[in-house]
Amino acid sequence: MLNAEKLGGVLLNAQHNFAWLTAGGNNGVDLSRENGISSLLIRRDGKRFLIANKIEMPRMLTEEISGNDFEPILFDWELDKINGNFVVETAQNLLESDAALVTDIFYHPKFRVAEGLIAKCRYQLIPPEIERFQQLGKEAGQIVSQIHDQIETGQTEIEIANIVKFELGKVGINSVVTLVAADHRIAEFRHPIPTENVWKKTLMIVVCAKRDGLIASLTRIFSVCPVSIWS
């Protein structure tokens, strides 16, 4: 992609891009934000860097990625606070002087936004990703399909959603989207966020199951009576 676009490098900071490029590494602390606490720089010549402050770098190298895969670029945490452009300027300085940099740090006005370019790369799964994706889909499907052993009529959609997320979490799967609709809400809403609505007859569960930087989506319907009553 860098060669095709004649770019010097790409700086990735968004949590989903970090997870994708590291096969499941996590640079998130505040999960309510898209951006993470460390960044990856991939240079056109194939050189790779991890840019992180002194607080975050030790854990990143111990638990998330290897220093053999990415060269650590360490900085004092206060530098990023003083200068909001510090990380992208650091990345730019690691390129040739006239080389163009793209980044998924959306708020930065100086650089071209990389998300569309990176999305095209993510869409093309390589063999190890295909294997992980198949295993993820298989395990997530089995867990959600067997969730009937853990739930019962009379429970609220919120209670059921929490059980689903807990069971998936046992095998390291994070449900980044968890939709639950009971009875009339199935047909009423396209994206039924779980509520206090109580399951009486028919139940729909939707999850987007994330693990190792990949997401598998699936839907399951449970009914304690003939399905025709709601279809």
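Bear in mind that the values here come from a model prediction, so they are computed numbers and not experimental data.

1. Observations concerning the pattern of salt bridges
Within this structure, the stated rule accounts for 10 salt bridges. Among the ionic pairs, E5 bridges to R112, the shortest N-O distance being 3.3 Å. Of the two residues, E5 sits in helix α1 (residues 2–5) while R112 sits in strand β6 (residues 112–113), which places them 107 residues apart along the sequence. Since its relative accessible area comes to 31%, E5 is described here as partly exposed. Between D76 and K54 there is a salt bridge, with its nearest N and O atoms 2.8 Å apart. One end of the pair, D76, is in the loop between β4 (71–75) and α4 (77–82); the other, K54, is in the loop between β3 (48–53) and α3 (57–64), with 22 residues separating them in the sequence.

2. Side note on the sheet that holds strand β2 (residues 35–43)
Ordered in space as β4-β3-β2-β1-β5-β6, the 6 strands form an open sheet in which the pairing is mixed. At either end of the open sheet lies a strand with only one pairing partner, and these are β4 and β6. The sheet contact formed by strand β1 (residues 9–14) and strand β5 (residues 101–103) spans 3 bridges and is parallel. Residue G9 lies in a different strand from β5, and its bridge partner there is L101. In the packing of α3 onto the sheet, the strands contacted are β2, β3 and β4, and the crossing angle to β3 comes to about 135 degrees.

3. Looking at the nonpolar core
Grouped together as the largest cluster of nonpolar side chains are 23 residues, with contacts concentrated most on I160, L168, L203 and I205. The set of elements that each furnish at least two residues to this core consists of α7 (127–145), α8 (157–169), β7 (174–182), β8 (202–211) and β9 (214–223). Ranked by the residues each element gives to this core, the list is headed by α8, at 5 residues. With sequence-adjacent residues up to four places away left out, I205 is seen in contact with V144, I147, I160, V164, L179, V180, L218, T219, R220 and F222. Core analysis: the next-biggest nonpolar cluster, separate from the first, contains 18 residues, L2, V10, F18 and W20 among them.

The rules we used
- Residues numbered from 1 in each chain as written.
- Predicted model: local features only at pLDDT ≥ 70, side-chain atom pairs only at ≥ 80, totals over all residues.
- Heavy atoms only, no water.
- Salt bridge = Lys/Arg side-chain N within 4 Å of Asp/Glu carboxyl O.
- Helix = DSSP H or I, 4+ residues; strand = E, 2+ residues; numbered from the N terminus.
- Buried < 20%, exposed > 50% of the residue type's maximum accessible area, 1.4 Å probe, protein only.
- Pairing = 2+ DSSP bridges.
- Contact = heavy atoms within 4.5 Å.
- Axes fitted to C-alpha atoms, helices over the stretch in contact; angles between N-to-C directions.
- Core = buried A, V, L, I, M, F, W, Y, C linked by side-chain atoms within 4.5 Å.

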